[in-house]
Structure formats: structure tokens, C-alpha cells
Amino acid sequence: MRGWLAGTLLLLLPLSLGAQVTATLRGRVQDPTGANVGGAAVTIENALTGYAETTRTPEDGAFSIKNIPFQEYVLTATKEGFAVKRQTVALRSNLPVELEIRLALADVAERIAVSAFETVQLVDTEATGTRTQLNLAQIERMAIPVGSRALESVLLSFPGFAADANGAIHPRGAHNQMTYVIDGMPISDQLTGAFGNGIDSAIVQTIELHTGNIPAEYGSKVSGVANITTRSGLNSGRRFFGSTEVSAAQFDHAANVTQFGGQTERFGYFASISAQKSNRFLDQVSIDNLHNGGNAERAFARLDYQHGPADFLRLNAMVARSGFQLANLRSQHVSGQDQRQLLRDASISLGYIHVIGSSATLDTTASYRTSVAQLFPSAGDTPVTAAQARHLSNVTVANRMSLIQGPHELRFGFDYQHFPVSENFSFGITDARFNPPGSDRFIPTLEDFDLSRGGSLFQFSDRASGDLYSGFAQDKFRVGPMLLNLGFRYDRYAFLVEGGQFQPRLGAAWNVKRTGTVFRASYNRIYQTPVNENLLLSNSERSSVLVPPEVRARLGGALIPIPPERQNVYEAGVQQPLFGKVSVNVMYFRKDIRNLHDNDNFFNTGIIFPTALARAKVRGAEGRIAVPEFRRFSGSVSFTHYSVLVTPPFTGGLFLGNTAIDLLRSGPFVIDHDQKLGVQGVVTYRPHKGIWTTASTRYDSGLVTNPSDPKVVAADPDYADLLPYVDLGANPPRVRPRTLVDMAVGYERVRDDRRTWEVVLQVSNLMNRTALYNFQSIFVGTRLVQPRSVGVRLKWYW
């Protein structure tokens, strides 16, 4: 199999570079006579997303700005002695946009009012569903929790997400089911906490997040799609630049990030290397924070090459490793439990884009990603011992053609994915009190694996591979004030089960220009494939012997493999500018789901087992109020409300207790990632040049917990002191509401329009609130939020 993968990758190399998901703007600045103007500053910016990029023209007046996210921008050209020139420019495809900018003399020209452009930028007239953007400048100023390693903390500032432990986020009622598209390379692995290495936020230039009316080109896991444009040496205007950042915080946290890059006329390069350690590597399972140290290392590189005016190449590579202890309960710590986990991954993406005339582009992607997860047991494991070695790979080939025909923006594509999987897993019961014979809670199918009574380890080993074939077509065009986005997609899935589905992705937006209002509505049919982590074990006849007899009887006595998830998704909303300074965006969504995918977490470890529930109903509303910088202030407030009602039976999973039996008998129930209200507010203030401060406040009304008996919990030394932070008497039980405040204050030293150094003081959980993410959940276990932590970052630019 490894030889086949290597051979496939080599065959794909001549095709490659990641599908181009950014725009290029180029042109020439001239005076009224047509003579070229050198030394002019050309800036494009979007006040709502915060993106801005500036370049200066050489003597021939030419300029080129690359790696620009698709959006509508205000272009400003300035030169002493000339009037300021401003105009809007829409960048909607990877076709290079050419502009000729004529500067009028300052004493004869009328200046264009800035307010006319600000009104345009307060609403997104190009979106037919929920789409939100952030850029590097905003991310660098965010007061995310001290020690956060990945992108999930950044995404929580968007509406539509409920926060969970170890960086996990639930997009619009889903467990996860996120796809990260990094410069055209799709990654659908579960990348949170103990399950996989997350994406380093330090490599991100911009994020475009889709949670409504998902474009037809995205498939597999699309409850949310984060389209990420990475940092590049392009647009730097320097042959070599770089930075080094060191940070330290409580819990013995220490980290370093070193980055460098540059560009020549045709070539751009960028690289990032980071490392960190902490004695609170994951969210703890008890107030004591026992046995919770770890370290992580990452590296990223991007190379860009322009071979003539119509051909572009790019190469991306990423590697990551993390090794850490699994946090202990008190009883596990006393027993000497010393479980550890090791996560490793590597990715490479290569590609090519060719511009065909003035109206079409052809680009292709070839990428390979592989990840390994290992759990190492110890002699003191309790109540069970377990070991794991899981290897998941993915080979992707994606082809895209973009075409502009009159008012129509057309896009077609075909994707192929091949995913080999290998799994090795073993476990045994070590505590005689876990499954005592003769008790009401005795499960006879586990008796053979009870090491405390002379049993032997349950052992599983298997490997298999699957394929996903996808094709799509989409057309975006205007009819008067209405924008239509009509897409169709087909997926054919062939792995442990086989199936396929046509998926219309239809959206419309109506722009009322008199008031600036944009109304939106969409319908999507979604086909989500099962997660591959431990999918073989969850669907195997071998693991079905562990299923309690009552569960087997309820399922008809036969193994039922996890099928793909099918959704019908409806969304409607409105976006409105207010007072020329504020953007308000409100959406309502509804999902009707068959075979809702979720995970069963194995005893607070990093081992997960995919599951599916027969049906689910998700109803929700979300909104975002954004204020671009005004009088040195900028900020946003996002709110999210949704409910998730699911109907058994389960398929898959590895439920060792009797909770599965209780859930099967209970009928429809509210699942653990249901939350009534989540609110996140972010405010940034710049009181003086170089000084800035950001405050972030997040309120969560509380996720659903396991329906534990309060008397039993009160008698359990592992959990008794957590009772004040969970409401087990509610229907359904929930962790209690929490409000967390994070703050950051920084000073940035600038010399000759270039940053030279920066210092940031950061405080997470300013009020030192003790709170739970979840409690004894069969899906995610028990985890607490981070206690108050103070940290400092120093960064040098060179």
C-alpha cells in the first residue's frame, strides 16, 4: 500500500499545485497625460473583514498584489501632487484583474467621499449564505486563551459555534464535521486536542468561513468550511524578512515561533517553525490538573513561482508532532496511571494554475496527508487499560475550471480521494468494581476481558481503504438586484458502505440599494461521509461482541455499519448597515438529518469511536454585529442559539457501560452539543500609535451532560467537588453557565514604516472562574476550563 501511495504521488507531481483560491490584482498608475507614475502607493482594503495590503509602484508605474481573498475592496492610489484616487474593485475568481489608474492633478480634481465606499463594505453583497472573514492583523490582536496552539480559538469569534474542551468546536449543532481548506488542500481529519494536531494560527493570512449555503465545490465534511489562505513571501517587497517570538506563561508554558520569507520578481517563499511545552497541555479532568504535561512542534513552508504571465506554481508542506500525558482523575493518579499519547502528521500539496485568455483558468491540485495516533498504556491504568496505534492517510486530486461568460461566473470540478486506514487497538478491565457479576449493571459480554478476574485483553487489528469520487458545477450571476448562486454536486462513496447522492446547493441574495439591506435565502442538500478515525473497529464484527445483549436485541442482533450522513439544510437571513459605521447580520437555519454522526470518547482518553444516530433535528439562529475601526475602537459581538434533538438507535461506537442501553430506551433526547446561547464579544482599542488593547468576553449557557445521579456523584471523590458547576436536576442536565474574560495589551515599535519589535501581556480567564465544558458525557467525558493564566510574548522583526 505504501508503494502504491508513493507511486501515485509521483505520478501526480507534474499536474500539481493547490487549487487557486485567491485573486491577483495588477495594473499601472498613470498621470492625466498617460505617463507612468512611480512611487505611488496603491492600497486595497475591506473595512468589514479588516484586510488591507499596500504596494508602491516602481518607475514604470506597474503594480501587482497577489494572494488576495475573494471579496469586494476599495482601492486607493496616492501620490504627492495628485488627487487621491479611490474606486471599488470586486475580486471574485482566480482570473487576474487588470486596472489602469489615472491620477488627476490635485488642484483640478474632486476628491471622492470615503463614506460612499464605507457603505458598500458594511454588507457583503457577494454572499448568498453565511460567510465571515478574518485576516492576519485581526488574529494577531485577538485575546485568545494563553497557550492556545491552533485555529479553533480564533474560529470561536465567529457566530455558529459552541465551545467544547481541548479546542473542540461544534458548528451549528454538529459534533465537528469541519473541513479546513489550506491553499486548496482539503483536511477533514478531527484536529482538536487529543485527537489530532490542529492548524497553527501563525501561518494564516486570511480565513473565510462558510457555515451556510456551502459552495458546491466543498464536500465530505461541510458543517463548516474554513477556507484558509496561508502567509506568503509575495507582496512583501523584500528579498528576505522574518520574525522570532518567544512567550512564557503559567503552568510552565513556554513557546517559540520563528518565521521568515521573501520574494524576487518571480519567486516567493515563506516558512514557519514553532515549538511549545506546557504542564497544562489539555483541558484538565479535575480541578487538580494532574498528569497533564506535553509538548508540540510544527513546521510549515510555502513556495510560489510565476512562470510567465499565465502560469503559476505553488508548493505547500506541513509537519507536526505532539507528545503528551493524558490527564488523570484523582483515583487514577493514586493508582499510578501514566498513559501517554503521541500524534504525528505530515502534508504536502502541489499545484498548477493556467490562465486561458481573459476569461478562464484551469487549476489542479495533488495533495497527500498522513497522520499517526498512538496511545501508550501504563501499569497503573484504572478502571480500564487501553493501547492504540492508528494510521490514516489521504490522497486527493482536485481539478477546477473557472469561466466568466458575460454575467455568469461559472466553476466546474472533479475530485478524487483515496484514504487507506489501519487500526490497532486493545483494552482490558483492571478494576473489579467496574463490571461486577451479579449486579444490576453487569454486562456479560465484557467478562472475557476483565483482567481483574483472569480475563484477557480484547485485541483488534485491521486495515482497509476507501474512495470518494465527486463532481460539481456552479453558476453565480445577477438578475437585476438579485444575486443567484446555483450549484450541484454529486458524491460517490465506497468504503465500508457504498452510496451516493446528488446535492443541490442553491442560494439567492437581494440587495436593496436604497437602504443597503441584503436579504439571503438558501437550500442545501448535504452528504457527509463517516469520520475515518477508528471507523474499522466501530464497524467490525469483532467489536460487536462487546455490545450488551439488550442493545443487540434492539438492533435486531446484527451489525449495522455507519452510513453517510444526509442533511436538508435551510437558511434565511438579512444583513443591514447602520449609521454608516455598523454591520448587523442575522440568520435562521434548520437542519433535518438522517444518520447524525458523532463520537464516543473512550474514558477521557484521546481515543474516539465514530457513531451515528438515526435522526436529528437542528433549529437555530445566529447573528453578528461588527464595527470597523471608528475613533480608535473596533469590535464585534456574535451570538449563537441552537437546539439538537436526536433519535436513536445508535450504530458504531464503543459504549462499555450501560448508558447506551438507557439512551436506546429513552427515545428522542437532547444531545450533548446542544446549547441555548453562546455570545462572544471582542473590542480592540488603540489609544496611541503603537499601543493597543483587546478584551474578549464569552458567555456559554452550558452544554448537555450525562444524566448522572447527584447522590452517586457526591459520594465519588473523583467528581464530588464538581457538583456546584453542573445542574443535574435540569431537564436535560447541563453544565452551569459560564462567562470568561480574556485580555491582551500590546506595544508595537515601528521605525521607517516597519515593525521592529513588539511586547504583549495577556491574561486568560481574568476573573478566575471555575467552570466545566462537559461532565461525565459518554461522548466527550469530563473537562474543565482553563484557570486564570498570565503570559507575556516578545517578538522581534527582521
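Just so you know, these numbers come straight off a predicted model, no measurement behind them. (Residues numbered from 1 in each chain as written. Predicted model: local features only at pLDDT ≥ 70, side-chain atom pairs only at ≥ 80, totals over all residues. Heavy atoms only, no water.)

**Q** Give a description of the overall build of the protein that names residues and reports values.
**A** Assigned secondary structure in the protein consists of 10 helices and 41 strands. The buried share of the protein, taken over its 798 residues, is 59%. Within the protein, counting contacts between residues at least 6 apart in sequence, those at least 24 apart form 68% of the total. Summing over all exposed atoms, the protein offers an accessible surface of approximately 30800 Å²; the carbon and sulfur share of this is 57%. (Helix = DSSP H or I, 4+ residues; strand = E, 2+ residues; numbered from the N terminus. Buried < 20%, exposed > 50% of the residue type's maximum accessible area, 1.4 Å probe, protein only. Contact = heavy atoms within 4.5 Å. Areas by Shrake-Rupley, 256 points an atom, 1.4 Å probe, with all protein chains shown as cover.)

**Q** I'd like to hear about unusual backbone geometry, residue by residue, with values.
**A** A cis amide bond links Thr-382 to the next residue, Pro-383, at an omega of 5 degrees. As for its position among the elements, Pro-383 is in the loop between β21 (360-376) and β22 (384-405). In this chain, Asn-731 is followed by Pro-732 through a cis amide linkage whose omega measures 0 degrees. Residue placement: Pro-732 occurs in the loop between β35 (726-727) and β36 (734-735). The phi torsion at Asp-183 lies on the positive side, around 50 degrees, for a residue other than glycine.

**Q** Account for the packing of aromatic side chains, with residues named and values stated.
**A** Tallying each qualifying case throughout the model produces 19 aromatic pairs. By the ring-pair criterion, three or more aromatic residues cluster together here, those being Phe-425, Phe-427, Phe-449 and Phe-458. (Phe/Tyr/Trp six-rings, centres within 6.5 Å; stacked < 30°, edge-to-face > 60°.)

**Q** Tell me about the sheet that holds strand β7 (residues 97-102), and name the residues and values.
**A** With respect to topology, 3 strands assemble into an open sheet ordered β4-β1-β7, the strand pairing being mixed. The open sheet terminates on both sides in strands that have one partner only, identified here as β4 (62-69) and β7. This sheet shows a mean twist of 25 degrees between the axes of neighbouring strands, independent of strand direction. For strand β1 (residues 22-30) and β4, the ladder comprises 6 bridges, and the chain directions are antiparallel. Pairing of Arg-26 across the sheet is with Ser-64, part of β4. (Pairing = 2+ DSSP bridges. Axes fitted to C-alpha atoms, helices over the stretch in contact; angles between N-to-C directions.)

**Q** Describe the environment of Pro-171, listing the residues and the values that go with them.
**A** Within the fold, Pro-171 resides in strand β10 (residues 169-171). We classify Pro-171 as buried; its relative accessible area is 0%. Expressed as a C-alpha distance, the spacing of Pro-171 and Val-225, which sit 54 residues apart in the sequence, is 9.7 Å. Leaving out residues up to four positions away in the same chain, Pro-171 has contacts with Gly-160, Phe-161, Asn-176, Met-178, Ser-223, Gly-224 and Lys-591.

**Q** An account of the pattern of salt bridges is requested, with residue identities and associated values reported.
**A** Evaluation of the coordinates by the stated rule reveals 36 salt bridges. A salt bridge links Glu-140 to Lys-795; the nearest nitrogen and oxygen atoms lie 3.8 Å apart. With a gap of 655 residues between them, Glu-140 in helix α3 (residues 136-140) and Lys-795 in strand β41 (residues 789-797) connect regions that are remote in the sequence. Assigned by exposure class, Glu-140 and Lys-795 land together as buried. For Arg-330, the salt bridge identified is with Asp-288, shortest N-O distance 2.8 Å. One end of the pair, Arg-330, is in helix α5 (residues 330-335); the other, Asp-288, is in the loop between β17 (267-278) and β18 (294-306), with 42 residues separating them in the sequence. A single salt-bridge network, built from bridges that share partners, covers Glu-140, Arg-141, Glu-748, Arg-755, Glu-758 and Lys-795. (Salt bridge = Lys/Arg side-chain N within 4 Å of Asp/Glu carboxyl O.)

**Q** A description of the sheet that holds strand β6 (residues 85-91) should follow, citing residues and the corresponding values.
**A** On the basis of which strands lie adjacent, the open sheet formed by 4 strands has the order β3-β2-β5-β6 and antiparallel pairing. Across the chains shown, the open sheet's two edge strands, defined by having one partner strand only, are β3 (52-56) and β6. Strand-to-strand, the axes of this sheet are offset by a mean angle of 20 degrees, without reference to chain direction. Across 5 bridges, strand β2 (residues 41-45) lies against β3 in antiparallel orientation. Each residue of the ladder has a partner; that of Thr-43, found in β3, is Thr-54.

**Q** So what's going on with the pairing of strand β16 (residues 253-263)? Which residues, and what values?
**A** Summarising the sheet, strand β15 (residues 241-249) and β16 pair through 9 bridges and their orientation is antiparallel. When the sheet's bridge partners are listed, Ser-243 is paired in β16 with Gln-259. The turn linking β15 back onto β16 is made up of 3 residues, and Phe-251 within it adopts a positive phi angle of 65 degrees. When β16 meets β17, the two strands line up antiparallel, connected through 10 bridges. Across the sheet, the residue bridging to Gln-263 is Gly-268, located in β17. Adjacent in sequence and paired antiparallel, β16 and β17 are bridged by 3 residues.

**Q** Lay out the side chain of Gln-71 in plain terms, naming residues and giving numbers.
**A** Looking at where Gln-71 falls in the secondary structure, it is placed in strand β5 (residues 71-78). Those residues within four positions of Gln-71 in sequence are excluded, and the remaining contacts are Asn-46, Thr-49, Val-89, Ala-90, Leu-91, Asp-124, Arg-131 and Gln-133.

**Q** Lay out the confidence of the model for the protein in plain terms, naming residues and giving numbers.
**A** In regions of low pLDDT, the predicted coordinates are not meant to be interpreted in detail. Mean pLDDT for the protein: 87, with 90% of residues reaching 70 or above. Throughout residues 1-19 the model reports pLDDT below 50, and contacts reaching past four residues in sequence, or to other chains, amount to 50 contacts. Confidence over residues 108-120 falls short of pLDDT 50; this stretch has 13 contacts with residues more than four positions distant or in other chains. (pLDDT = per-residue confidence, 0-100.)

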